[in-house]
Amino acid sequence: GHKWTYTGPDGEEHWHEHYPFCHGTFQSPIDLNSELLRYDPTLVPIEVWNYNLSSYEQLTLGNNGHSVQLSLPRRMHLSGLPHRYSAAQLHLHWGSPTMPAGSEHTVNGKQFTAELHVVHFNSDRYPNVSVAADKSDGLAVLGILIEVGDYNPSFGQFLKYLDGVKYKDQRIQVPAFDIRGLLPARMDEYYRYDGSLTTPPCYPSVLWTVFRNPITISEEQFLALCTSVFSSSQQESAPVPLNGNYRKSQDSEDRIILVSFRE
Ligand SMILES: NS(=O)(=O)c1c(F)c(F)c(S(=O)(=O)CCO)c(N[C@H]2CCc3ccccc32)c1F
Ligand SMILES: [Zn+2]
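Let's shift gears to the site of ligand 1. Taken together, 15 residues sit near ligand 1, with Asn64, Gln69, His91, Thr198 and Thr199 positioned nearest. In this structure, an oxygen atom belonging to ligand 1 sits 2.8 Å away from a side-chain N or O atom of Gln69. In the model, a nitrogen atom of ligand 1 is placed 2.7 Å from a nitrogen or oxygen of the Thr198 side chain. Expressed as a share of its isolated accessible area of 550 Å², the protein-covered part of ligand 1 is 84%. The cavity that encloses ligand 1 is the largest pocket. Elements that contribute at least two residues to the shell around ligand 1 include exactly strand 7 (85-94), strand 10 (114-122) and helix 1 (129-132). Per element, the largest residue contribution to the shell around ligand 1 is three residues, and it comes from strand 7. Split by residue class, the shell around ligand 1 holds five nonpolar, nine polar and one charged.

Pasting the structure below:
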């Protein structure tokens with residue numbers, strides 16, 4: 001597909017020129033504003049299955065120029081959603097050393113330091129994430145807000161390999177680890193709304209679950225994330241740091257955001 005970036009002539013204001021859904025409805029991210037929240041007692045705790053991967057297993061860590069992503073085995077899956085959703089990949093959105101706020105979802109206008117997305121596809125209905133990506137019930141993404149605080153050992157499990165994927169299109173195999181460690185303790189408190197991919201092609205195909213409680217990473221871990229990787233390929237003369245890879249808040253239109261918790 002056509003080149004897209006987060007700034008400049010191919011930035012998010014231009015995405016719709018080649019990816020029409022980016023100008024469409026049900027776009028993500030949105031501001032999770034108290035005025036739009038509705039408590040829904042039917043929202044059960046999210047349950048994750050087979051997230052505790054063995055270090056004998058290897059995962060593919062890659063830099064696709066837009067984010068760093070980790071491939072996930074499809075036996076990892078979620079229950080507590082309208083269908084079984086099997087894992088495909090996880091990736092991050094973050095700020096920069098000078099502008100550290102880089103989450104996609106915001107809470108009452110507050111932008112967090114970064115955001116982790118664990119992308120799953122509806123494996124009851126579709127064979128893989130690519131086929132599911134443009135179907136209205138195709139994807140379920142877990143959003144985990146990240147703020148700077150205590151060191152995060154789970155996060156360290158793949159940050160330590162970032163030097164192997166410094167440049168666009170680099171991929172390496174890394175030992176798997178317990179992905180549950182990247183999620184917040186409370187899986188019963190979350191925001192829920194119908195939205196989209198936050199990157200082109202912006203398909204309105206995502207059932208979003210953003211956990212209420214952020215996880216923390218240390219200042220050093222944050223700096224490692226936003227200084228280790230580049231959106232440019234190794235061959236290019238001028239290395240372009242990969243950071244600020246977040247889409248701005250979209251119009252929530254008249255969407256209600258369901259919450260599993262009482263304020
Ligand atoms: N923030 S987000 O969760 O909306 C989201 C991304 F932010 C993002 F960068 C990617 S990507 O594949 O790395 C790049 C362009 O899709 C995906 N890719 C997913 C969705 C579609 C698809 C198809 C095949 C493999 C991965 C993906 C994504 F779902
Ligand atoms: Zn994402």
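This part covers the environment of Ser196. In this fold, Ser196 is placed in the loop between strand 13 (190-195) and strand 14 (206-211). Here Ser196 is in contact with Phe26, Gln27, Ser28, Cys202, Tyr203, Pro204, Ser205, Val206, Trp208 and Arg247, once residues within four sequence places are set aside. A distance of 2.9 Å separates a polar side-chain atom of Ser196 from the backbone nitrogen of Ser28.

To continue, consider the coordination of the zinc ion (ligand 2). Bound to the zinc ion (ligand 2) are the protein donor atoms His91 (NE2), His93 (NE2) and His117 (ND1), situated 2.0 Å from the metal. Each of the four donor atoms bound to the zinc ion (ligand 2) contributes to angles spanning 98 to 115°, and the resulting shape is tetrahedral. We note that the donor set of the zinc ion (ligand 2) lies within a single chain, spaced as H-x1-H-x23-H. Given the relative accessible area of 2%, His93 is considered buried.

Simply put, the disulfide is a covalent bond whose two ends are the sulfur atoms of two cysteines. Applying the stated criterion across every chain, the model contains one disulfide. A disulfide bridge connects Cys22 with Cys202, and the sulfur atoms are separated by 2.0 Å. Taking the sign of the torsion about the S-S bond as the criterion, the disulfide between Cys22 and Cys202, at about 85°, is right-handed. With a gap of 180 residues between them, Cys22 in the segment before strand 1 (31-32) and Cys202 in the loop between strand 13 and strand 14 connect regions that are remote in the sequence. Classification of Cys22 as buried rests on a relative accessible area of 8%.

Looking now at the environment of Leu61. Take Leu61: it is sitting in strand 4 (residues 58-63). On the basis of relative accessible area, Leu61 is assigned to the buried category, the value being 1%. Put simply, Leu61 and Val165 are 104 residues apart on the chain and 7.4 Å apart in space, counted from C-alpha to C-alpha. Apart from the residues lying within four places of it in its own chain, the contact partners of Leu61 are Gln69, Leu70, Phe158, Tyr161, Leu162, Val165, Gln170, Arg171, Ile172 and Val174.

Our focus in this paragraph is the pattern of salt bridges. The final tally for this structure, using the stated rule, is 13 salt bridges. A salt bridge links Asp137 to Arg125; the shortest N-O distance between them is 2.4 Å. With Asp137 in the loop between helix 1 and strand 11 (139-148) and Arg125 in the loop between strand 10 and helix 1, this pair connects stretches of sequence that are 12 residues apart. You can call Asp137 buried: its relative accessible area is 15%. A salt bridge links Lys135 to Asp134; its shortest N-O distance comes to 2.8 Å. Classification of Lys135 as partly exposed rests on a relative accessible area of 28%. Overall, Asp134 belongs to the partly exposed group, its relative accessible area being 43%. When salt bridges that share partners are traced, they join Arg186, Asp188, Glu189, Arg212 and Glu263 into one network.

Calculation rules
- Residues numbered from 1 in each chain as written.
- Chains lettered and ligands numbered in written order.
- Predicted model: local features only at pLDDT ≥ 70, side-chain atom pairs only at ≥ 80, totals over all residues.
- Heavy atoms only, no water.
- Near = heavy atom within 4 Å.
- Polar contact = N/O pair within 3.5 Å; in protein donor to acceptor, adjacent residues only side chain to side chain.
- Areas by Shrake-Rupley, 256 points an atom, 1.4 Å probe, with all protein chains shown as cover.
- 1 Å grid on protein atoms, 1.4 Å probe; cavity = no way out; pocket = protein on both sides within 12 Å on 5 of 7 lines; lining within 4 Å.
- Sits in = over half its atoms within 2 Å of the grid points.
- Helix = DSSP H or I, 4+ residues; strand = E, 2+ residues; numbered from the N terminus.
- Nonpolar A, V, L, I, M, F, W, Y, C, P; charged D, E, K, R; others polar.
- Contact = heavy atoms within 4.5 Å.
- Donors = N, O, S within 2.8 Å, 3.2 Å for Na, K, Ca; no water.
- Tetrahedral: all angles 85-135°; square planar, octahedral: opposite > 155°, others 65-115°.
- Buried < 20%, exposed > 50% of the residue type's maximum accessible area, 1.4 Å probe, protein only.
- Disulfide = S-S within 2.5 Å.
- Salt bridge = Lys/Arg side-chain N within 4 Å of Asp/Glu carboxyl O.

Everything listed here is a matter of coordinates, which is why it stays silent on function.
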